[in-house]
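# Structural description and commentary
What follows is each chain in one-letter form.
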Amino acid sequence: MGGGQSGSLSALQHWLLFSLFTHSSDLKIGELAHLNVEERDNMSSSNGNMTTLKATLCIGAAALAASFIIHNRTSKCKKQQSKDDVNNTDEVNSSSSDSVVTFYNQLGISEDKLPDHIRREIHKQRKRKSKEAMISMKTPMYDNIHMLDEDREPICTISMKKAKWYIRKNIAEWTAPKAGSELSKDKDIKCIRLLFTHNGVHEGEKKSSSEKLYLRSAKQNICVSCGSDGHHIRHYIVPYSYRALLPDDYKSHMSHDIVILCPDCHVRCERSTKKRMKRMEHDLRMKMTDGNAFCSPVIEDPHLYHVRSCAIALAKWRDKIPTEKIASYEKEVRLYLADCCKDEAEKEMIILTGNDEPLTKSQLQKACSVKYRVKNPRYVPGSEVVVRSLNGDKEKIEQFIVDWRKHFIAIVDPKYMPTGWRVDNPVAKGSSFVLLV
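We now turn to the structure provided with this report. (Residues numbered from 1 in each chain as written. Predicted model: local features only at pLDDT ≥ 70, side-chain atom pairs only at ≥ 80, totals over all residues. Heavy atoms only, no water.)

## Concerning the overall build of the protein chain
Rule in force here: Runs of H or I in DSSP of at least four residues are treated as helices and runs of E of at least two as strands, each being numbered from the N terminus. Exposure is judged per residue with a 1.4 Å probe applied to protein chains only, and the accessible area is read against the type maximum: over 50% gives exposed, under 20% gives buried, and values in between give partly exposed. Only heavy atoms enter the contact rule, under which two residues are in contact if any of them lie within 4.5 Å. Residue exposure ignores everything except the shown protein chains as possible cover, and the areas themselves are Shrake-Rupley values with a 1.4 Å probe.
Helices and strands together make up the secondary structure of the protein chain, namely 20 helices and eight strands. Put simply, the protein chain has 437 residues, and 40% of those count as buried. Residue pairs at least 24 apart in sequence account for 70% of intrachain contacts in the protein chain once pairs closer than 6 positions are excluded. Surface exposure of the protein chain reaches about 26,600 Å², of which carbon and sulfur atoms provide 52%.

If you want it as structure tokens, here you go:
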């Protein structure tokens, strides 16, 4: 907007105005920023409106800047935080999650006057931060134990758990790398040497150079996106619900498509992943012709729902219900409780005592908690819909996995991927290089 001209709002300016005021129309500009009231009053009506819009846009830009500041401060806090320093975790998380509140306080805006959508995001951020330690991995993902063949040539890196398994079975021994090799330059390196000829020695001749490099190189225990070495989450590039339904040959090669992300990067990636999954599943359901495309995953049993309603009415409003209704409700509940009993004597007791004694509190509680929603046998989960569409076709499965790798790269823009990791690396054990399309 040029000075003195009414001008038109750009797309970005429209977006900022919408973000601020569609959720909180009762907020005043004077409450959002320190405006010069005297100057505003002296302006003409048109110029005053444009000044108000400019002030609003400044606050919108400030909101975006606040989000950027939070992300940067959080990343710095994570990099400075020691892996073993659990006691200071809550303090660091609290500081980073309250950055946006501090930012608005500096503008003279208290938290209770912020728009609902901003306060909601602040609450979700705090809740997420408080659970980071609980949902994160408790041990490093990579132990980087180098497995060597009989001639002390590197085959791959494995976990400490697997290395101990080889030692316990007496099919490997702890050893030092071959003198003069690249591995020998690292004094802290740990290696095991196999005491038999491993199949991987012959299969290695068929592997591409990038796959060999990925298998043999040490992996860093840092977020592949931002490089944070604090809390980490194991992230599946191909969603686990899909990967679990693929043939075994593709599940056995999972390590290539499992990476480390910090909680913030994981949340950002998962949001995009969930959207893509929903879009894929919806498009495939639209093509289904068996009538089960959009059926609900659960259905309500009308009889159980009626039993539950009767029990709730007796428990809460017995004094206000007519006598004949009470008798009808108790009969329904007693018949349900009798059907649940396996002992015939107990069944008769529940039914016969209906004329003399009211239902006990525990009996009513049992009927109130009845699960009237049951699994719909016609419902097909979205993950099954997607995997079934591949029809077990090798080329379709390979392209499916490669597409998820491309999606991950596009969304996360990782800068610290393991050495040798490539989008076109083989997707299954024993498969060849993938031809990208």
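## Topic: the nonpolar core
In summary, soluble globular proteins display a tendency toward joint burial of nonpolar side chains. Basically, it comes down to this: Nonpolar core, defined: a set of buried Ala, Val, Leu, Ile, Met, Phe, Trp, Tyr and Cys residues in which side-chain atoms within 4.5 Å join the residues together.
Counting 31 residues, the largest nonpolar core has Tyr242, Leu261, Phe400, Ile401 and Phe408 as the members making the most contacts within it. At the level of secondary structure, the elements contributing two or more residues to this core comprise β6 (258-261), α14 (263-286), α19 (382-388) and α20 (394-412). In terms of residue count, α20 provides more of this core than any other element does, seven residues in total. Not counting residues within four places of it along the chain, the set of residues in contact with phenylalanine 400 comprises Val238, Tyr242, Met280, Val386 and Leu390. Ranked by size, the runner-up nonpolar core spans 19 residues in total, among them Ala311, Ile321, Val333 and Leu359.

## Quick look at the packing of helix α15 (residues 302-317) against helix α16 (residues 323-340)
Rules: Every angle, taken between N-to-C directions, lies between 0 and 180 degrees, and every axis is a line fitted to C-alpha atoms, over only the stretch in contact when it is a helix. Angle categories: roughly parallel below 35 degrees, roughly antiparallel above 145, roughly perpendicular from 65 to 115, and oblique for all the rest. Here is the rule for handedness: rotate from the far helix to the near one, and if that takes an anticlockwise turn smaller than a right angle the crossing is left-handed, while a clockwise turn gives right-handed. Note on residue categories: nonpolar means Ala, Val, Leu, Ile, Met, Phe, Trp, Tyr, Cys or Pro, charged means Asp, Glu, Lys or Arg, and polar means any other residue, Gly included.
In contact at an axis separation of 9 Å, α15 and α16 are set at 125 degrees when each is read in the N-to-C sense. For the element pair α15 / α16, the angle class is oblique. For the pair α15 and α16, the sense of crossing is left-handed. Between α15, through His303, Leu304, His306, Val307, Cys310, Ala311, Ala313 and Leu314, and α16, the contact on the second element is made entirely by Ile326, Tyr329, Glu330, Glu332, Val333 and Tyr336. Looking at the contact of α15 with α16 residue by residue, the classes come out as 10 nonpolar, two polar and two charged.

## Describing unusual backbone geometry
Positioned with a positive phi, arginine 152 is a non-glycine residue whose angle comes to about 65 degrees. Take arginine 152: it is sitting in the loop between β1 (145-148) and β2 (154-158). Given a relative accessible area of 33%, arginine 152 falls into the partly exposed group. Notably, asparagine 391 is not glycine yet its phi reads approximately 55 degrees, a positive angle. Within the secondary structure, asparagine 391 is located in the loop between α19 and α20.

## Side note on the packing of aromatic side chains
Here is the rule: Only Phe, Tyr and Trp rings are paired, with Trp represented by its six-membered ring, and only when their centres lie within 6.5 Å; those with planes under 30 degrees apart are stacked, over 60 edge-to-face, the remainder tilted. In this analysis the charged atom, NZ for Lys or CZ for Arg, is taken to sit over a ring once it is within 6 Å of the ring centre and within 35 degrees of the ring normal.
All chains considered together, the criterion is met by six aromatic pairs. Taken together, a centroid distance of 6.1 Å and an interplanar angle of 50 degrees make the contact between tyrosine 242 and tryptophan 404 tilted. In this pair, tyrosine 242 sits in helix α12 (residues 240-243) while tryptophan 404 sits in helix α20, placing the two residues 162 residues apart along the sequence. By the burial criterion, tyrosine 242 is buried, and tryptophan 404 matches it. Ring centres of phenylalanine 400 and tryptophan 404 lie 6.5 Å apart, and the angle between their planes is 80 degrees; on these two criteria the pair is classed as edge-to-face. Note that phenylalanine 400 and tryptophan 404 are positioned in helix α20 at a spacing of four residues, about one turn of the helix. Judged on exposure class, the residue phenylalanine 400 and its partner tryptophan 404 are both buried. Looking at arginine 276, its charged tip hangs above the ring of tryptophan 404, at a distance of 4.3 Å from the centre.

## Notes on the sheet that holds strand β3 (residues 172-175)
Note the threshold: Whether two strands pair depends on DSSP finding at least two bridges between them.
Spatial strand order, β2-β1-β4-β3: four strands in an open sheet with mixed pairing. The open sheet has two edge strands, β2 and β3, and neither has a second partner. For this sheet the average axis-to-axis angle between neighbouring strands, irrespective of direction, equals 30 degrees. Helix α9 (residues 160-168) rests against β1, β2, β3 and β4 (191-194) of the sheet, and its axis sits at about 120 degrees to β3.

## A few points about the state of the cysteines
In plain terms, the rule: Only a pair of cysteine sulfur atoms within 2.5 Å counts as a disulfide in this structure description.
Considering all chains together, one arrives at zero disulfides under this definition. Of all cysteine sulfurs, the one in cysteine 262 lies closest to cysteine 265, which takes part in no disulfide; the gap is 3.4 Å. Exposure remark for cysteine 265: the relative accessible area of 1% places this residue in the buried category.

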